[in-house]
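Summary of the model geometry
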Number of protein chains: 2
Amino acid sequence: MRENSLLLTDLYQLSMLEAYAAYDMDESATFELFVRKLPARRGFLLAAGLEQLVAFLEQLRYSEEELSWLRGSGMFSDAFLGRLADLRFTGDLDAMPEGTVFFPDEPVVRVTAPLPQAQLVETRLLNLIHFQTVIASTAARMVLAAPGKQLADFGLRRAHGAEAGLLAARASYLAGFSGTATLAANREFGIPVVGTMAHSFVQAHDDEETAFERFARVRPKALTLLIDTYDTENGARIVARLAPRLAREGITVSAVRLDSGDLAAHARAVRAILDQAGLRDVRIFASGGLDDRALLSLSADGAPIDGFGIGTSLTTASDAPALDCAYKLQEYAGRPRRKKSEGKATWPGRKQVYRRHAPDGTIADDMVALVDEPEGGEPLLRPVMRGGRRCTALPSLAAARAHAAASLLQLPEPLRRLEAATVPVRISQGIRSLADEMDRSGRIP
Amino acid sequence: MRENSLLLTDLYQLSMLEAYAAYDMDESATFELFVRKLPARRGFLLAAGLEQLVAFLEQLRYSEEELSWLRGSGMFSDAFLGRLADLRFTGDLDAMPEGTVFFPDEPVVRVTAPLPQAQLVETRLLNLIHFQTVIASTAARMVLAAPGKQLADFGLRRAHGAEAGLLAARASYLAGFSGTATLAANREFGIPVVGTMAHSFVQAHDDEETAFERFARVRPKALTLLIDTYDTENGARIVARLAPRLAREGITVSAVRLDSGDLAAHARAVRAILDQAGLRDVRIFASGGLDDRALLSLSADGAPIDGFGIGTSLTTASDAPALDCAYKLQEYAGRPRRKKSEGKATWPGRKQVYRRHAPDGTIADDMVALVDEPEGGEPLLRPVMRGGRRCTALPSLAAARAHAAASLLQLPEPLRRLEAATVPVRISQGIRSLADEMDRSGRIP
């Protein structure tokens, strides 16, 4: 299965496309991706995944081999499959740059393209933007919860599949993590890769000191020793004994890692043991079931921990593994469209988001408006593709990461402290009037 | 990135392997994957992912191109990379068949291989088994919550990446779902693919009736119409009007789908409208933010709904997106090993799980014992690979699905009703004595 196979879609997309084809419905359609409401405990989200979306749209086509499977499946007419063979993405894409903070009801991605194209891309578009946004938003909270600390992604093993692990490394780095344990993320995205040792390494040796010594000789660079396999403080004493001997061979112990028990208490005890042995430069790294709440509490506690490895709670976003997001038709053939399902009504029309800042630079409020409404503030959706091609170079991952850092700095203080708070999002008069007019006209769409 | 690229691993695996290579540590090691404790609200788990694990182990090797990247990275010595080029999996794999119900502390997968091999596979092994087990276990609850109903996976769009969506379709089908909306899952695994239409299809037309009529003419097979875009009951009345006209053309409306509001109330109203129009055979299908609790409540309520489409709560397992599982060294070079980290101590030795059944066939209890301890009951871990090759054909997905159904039937009634209950898991005297002996001997591993 190739990464962006167009079979990675819902059957109904092709069913609808076959009907659109039969009735020549290929006028211009605008769809927007937005989040209906924030998960519990969340005050903001961080946009991510655009780079992968653009790559998907640029390469959009059915391979010969996929078409041949579709033909063999008997699910679709030959005439339709003939049209499918020629399908490419020739539309426009506007989106918030990766690393932009956003809120509910705000379009994050807007696609304007002939209806079949704009429809077909729905499944993978949501799949790509939703997941990285979930992870970047989760990672951003961790970054805010542990100011000045190094955070590393340790979560490939419990991520939901390989792509999830790889893209979680990317999204968390974008949000301000320092690195990842996933080797492939270094290769694919240039993300700094970090790593220590597993308990099994220590267990496979007859004693801990031999394990540390062997590891140190073979992997002396950025040497980090895992000291909690049997007894954390005893592990620290072994390091205190061993470090001077290694130093004579030119090997420096950079850090120790704790992975169990009361991390704050162990960190204090270990810090004291190391300091007493003159190992003030040996840093303490902690891991083991950490999430944003644990980081907040360790920060508040002043625990002498220099960095954290975060696994499951990051790569599965276990406190909020999904967003209530949707990709909805807002305009077709020049006319606004509105879904009115109970609790899921949409605001019609093609939209832009304008952000206003307070004098101190923090976000004051956002206004969602029609694209042609005159509104003040910074427009958040930027042109990304025109006529199926990039109309601008996407920022590098490093630049997107810098944008995310700047974006997080613009959050009002309560949001930066991860308190229950949010930013006002207003819906413009133009959108409200349009919706009223559509409702009053009685014509349903 | 190829699917099973060996770069999809944690850096530390290769760091440890380099140290093992330097000290010729390649004796036989046994690692076991087990779950430490159940997530909240869960009483049992369902094993899944073995087929993908076996494929990974069989094909395990670094490609020339990956080795060349590793060389260029400067992270490892040439001597070590030379050894890595020759690395294959030559070990033994024992595992619970897919679709087996299991509980905490029970080894689900056991690998016995030269230490470097058994170590290197850790990351992807956990990634594959953890994710499908998470999904199969979640799906099994939904299957039990909606007895006699058709359940379909609608969740690719919010799954964590493409692989997650594809494997979630597989794991949920294994657990008893009837089908998936994901086209690629039909191709890869032969899972029945289902689909209706999206709201955008209705919105793109000037009126609902035209939308239904066009869709019906082009996609008459298993025709399901989505009736909640504007007003559910009005949608049902349109279907009631339209169905006789379509019937004259030989087109049968199979079902309608509701996707918003109070599903039980709408289903009753829609059922009445359809029945009054003589459309007793038109089935009602519901979707929209459903999870196991919603299914239980709709079942208890007796809502006239024939099937459900489940998205986010299935493919992200949103109530329990991760398991507290581990893959731990239990024996090396013929000697048992034991990790003693606080709260994370492991039971040493190579183990088997024996299941005893009550007279009515339900599970009475499980016993975790050393492989050579004489215990009664059904051994749950079966030989899968010997010397790096399959020693038995894996069951087909259909057979694994049948095994899952049988396995769920063996759950004690409170567990089948999804109540807070579990099955006793005992740790054998042999394991306890071994652990005591290791602790007493003072020699730490």
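Residues numbered from 1 in each chain as written. Chains lettered and ligands numbered in written order. Predicted model: local features only at pLDDT ≥ 70, side-chain atom pairs only at ≥ 80, totals over all residues.

1. Concerning the sheet that holds strand β11 (residues 307–310) of chain A
Residue and element names in this part refer to chain A. Strand order in the open sheet formed by 6 strands is β7-β6-β11-β10-β9-β8, and the pairing between neighbours is parallel. In the strand order of this sheet, the two ends are held by β7 (179–180) and β8 (223–226), each with one partner. For strand β6 (residues 150–153) and β7, the ladder comprises 2 bridges, and the chain directions are parallel. When the bridges of β7 are listed, Asp-153 appears paired with Thr-180. (Pairing = 2+ DSSP bridges. Helix = DSSP H or I, 4+ residues; strand = E, 2+ residues; numbered from the N terminus.)

2. Concerning the interface of chain B and chain A
Every contact between the two is made by 84 residues of chain B and, on the other side, 84 residues of chain A. Listed by contribution, the elements that provide at least two residues to the side of chain B that touches chain A are α1 (11–22), α5 (115–120), α6 (122–145), α7 (162–174), α8 (183–189), α9 (199–203), α10 (208–218) and β12 (324–332) of chain B. Examining the composition of the side of chain B that touches chain A, we find that 7 residues originate from one element, α1 of chain B, more than from any other. Residues of the side of chain B that touches chain A, tallied by class, amount to 39 nonpolar, 24 polar and 21 charged. (Contact = placed C-beta atoms within 7 Å. Nonpolar A, V, L, I, M, F, W, Y, C, P; charged D, E, K, R; others polar.)

3. Description of the relation of the copies chain B and chain A
With an RMSD of 0.0 Å, the fit of chain B onto chain A corresponds to turning through 180° and sliding 0.0 Å along the axis. The superposition of one copy onto the other is thereby described by a two-fold rotation axis. A share of 100% of the interface residues of chain B reappears at the interface of chain A, consistent with the copies meeting face to face through the same patch. (Least-squares fit on C-alpha atoms with pLDDT ≥ 70 in both.)

4. Brief notes about the pairing of strand β10 (residues 283–287) of chain A
Residue and element names in this part refer to chain A. Most of β10 is tucked away, with 4 of its 5 residues classed as buried. Across 4 bridges, the pairing between strand β9 (residues 253–258) and β10 is parallel. Pairing of Leu-258 across the sheet is with Ala-286, part of β10. Crossover handedness for the path β9 to helix α12 (residues 263–276) to β10: right-handed. Bridge count between β10 and β11: 3 bridges; the pairing is parallel. Paired with Phe-285 across the bridge in β11 is Gly-307. Each parallel crossover has a hand, and the one from β10 via helix α13 (residues 292–301) to β11 is right-handed. (Buried ≥ 20, exposed ≤ 12 C-beta atoms within 10 Å, placed from the backbone. Right-handed = clockwise from strand over helix to strand, strands pointing away.)

5. Thoughts on the sheet that holds strand β11 (residues 307–310) of chain B
Residue and element names in this part refer to chain B. Pairing is parallel in the open sheet, where 6 strands are placed in the order β7-β6-β11-β10-β9-β8. Only two strands of the sheet have a single neighbouring strand rather than two, namely β7 (179–180) and β8 (223–226). Docked against the sheet, helix α11 (residues 232–248) engages β8 and β9 (253–258), running at close to 170° with respect to β9. (Axes fitted to C-alpha atoms, helices over the stretch in contact; angles between N-to-C directions.)

6. Some details on the domain arrangement of chain A
Entries for chain A in the domain assignment read domain 1 (11–135 + 322–441) and domain 2 (196–305). Using C-alpha coordinates to define each centre, domain 1 of chain A is positioned 46 Å away from domain 2 of chain A. (Domains from an automatic or database assignment.)

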